[in-house]
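# A look at the structure
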Amino acid sequence: AESTIVAAVDAAERVVGPWANGEQKPLVWFEPVSVAKSIRATEVLAKLDFTSPNAGECRAMANAVRARSGVAPLPMDSSVFEFRNIDDAVSTMCDDVETLLRAGVRR
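Keep in mind that this is a model prediction, so the values were computed, not measured.

## Regarding the environment of Val105
Along the chain, the position of Val105 falls in the segment after helix H4 (86–103). Counting along the chain gives 58 residues from Val105 to Lys47, while the straight-line C-alpha distance between them is 7.2 Å. Each residue touching Val105, except ones within four places of it in the same chain, is listed here: Leu45, Leu48, Thr51 and Leu100.

## Topic: the pattern of salt bridges
Summed over all chains, the structure comprises 5 salt bridges. Across the pair Asp49 and Arg106 runs a salt bridge, and its minimum N-O distance is 3.4 Å. Here Asp49, found in the loop between helix H2 (35–40) and strand S2 (50–51), pairs with Arg106, found in the segment after H4; they are 57 residues apart in sequence, far enough to count as distant. Ionic pairing is found between Arg59 and Asp96, a salt bridge with its closest N-O pair at 2.6 Å. Of this pair, Arg59 sits in helix H3 (residues 55–68) while Asp96 sits in helix H4; the two residues are 37 residues apart in sequence, bridging distant segments of the chain. Each of the salt bridges in this network shares a partner with another, and the network as a whole consists of Arg59, Arg66 and Asp96.

## Describing the side chain of Arg66
Along the polypeptide, Arg66 turns up in helix H3. Using a relative accessible area of 7% as the deciding quantity, one classes Arg66 as buried. The residues contacting Arg66, other than those within four sequence positions of it, are Arg59, Val71, Ala72, Pro73, Leu74, Asp95, Asp96 and Thr99.

## What to know about the packing of aromatic side chains
Summed over the entire model, instances satisfying the criterion amount to 1 aromatic pair. Judged by centre distance (5.0 Å) and plane angle (20°), the ring pair of Trp29 and Phe50 falls under stacked. Of this pair, Trp29 sits in strand S1 (residues 29–30) while Phe50 is found in strand S2, placing the two residues 21 residues apart along the sequence. Residue class for Trp29 comes out exposed when judged on its relative accessible area of 55%. Among the residues examined, Phe50 registers a relative accessible area of 24% and is labelled partly exposed.

## Let's talk about the nonpolar core
Among the nonpolar cores identified, the biggest contains 16 residues, and Val9, Leu45, Leu48, Met61 and Leu100 are the most heavily contacted of them. Going through the elements one at a time, helix H1 (4–16), H3 and H4 are the ones with two or more residues in this core. If one sorts the elements of this core by residue count, H3 sits on top with 4 residues. Ignoring sequence-local partners within four residues, the contact set of Val9 consists of Val28, Val44, Lys47 and Leu48.

About the criteria used
- Along every chain, residues carry numbers that run from 1 in the direction the sequence is written.
- Given that this is a predicted model, residues contribute local features only at a pLDDT of at least 70 and side-chain atom pairs are listed and counted only at 80 or more, while totals for whole chains, interfaces and linings are drawn from all residues.
- By convention in this description, side-chain values take in all heavy atoms of the structure and omit both hydrogens and water.
- Each helix corresponds to a stretch of at least 4 residues labelled H or I by DSSP, and each strand to a stretch of at least 2 residues labelled E; elements are numbered beginning at the N terminus.
- For this analysis, residues touch if any pair of their heavy atoms sits within 4.5 Å.
- Whenever Lys or Arg places a side-chain nitrogen within 4 Å of a carboxyl oxygen from Asp or Glu, that contact is recorded as a salt bridge.
- Summary of the burial criterion: residues with accessible area below 20% of their type's maximum are buried, those above 50% are exposed, and those between are partly exposed, where the area comes from a 1.4 Å probe applied to protein chains only.
- Here a Phe, Tyr or Trp ring, Trp counted by its six-membered ring, pairs with any other such ring whose centre lies within 6.5 Å, and the pair is stacked when the planes are under 30 degrees apart, edge-to-face when over 60, and tilted otherwise.
- Side-chain atoms within 4.5 Å are what join buried Ala, Val, Leu, Ile, Met, Phe, Trp, Tyr and Cys residues into a set we call a nonpolar core.

Here you go:
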């Protein structure tokens, strides 16, 4: 059965149509709102132009991509996401962001 997220992305593409932007496809922004929804979104990463997950959602999405590739997941312990400053956040989340970009998310 097709997931709700896949169906929503497909519906957005049909409704908005080819006039949305110069790429001749609608821009799709995904706001996960939960770890569970962020994991389901990994089915359609290549269709997402933007996503704005929090650190836990981002890690869960990246871990789902890693799992499909046979790569070990990174820790989900909440203490991992207690950043002291922006540099700490960037260094902690860099691998996750790179994983999602390589998997197809555009921004």
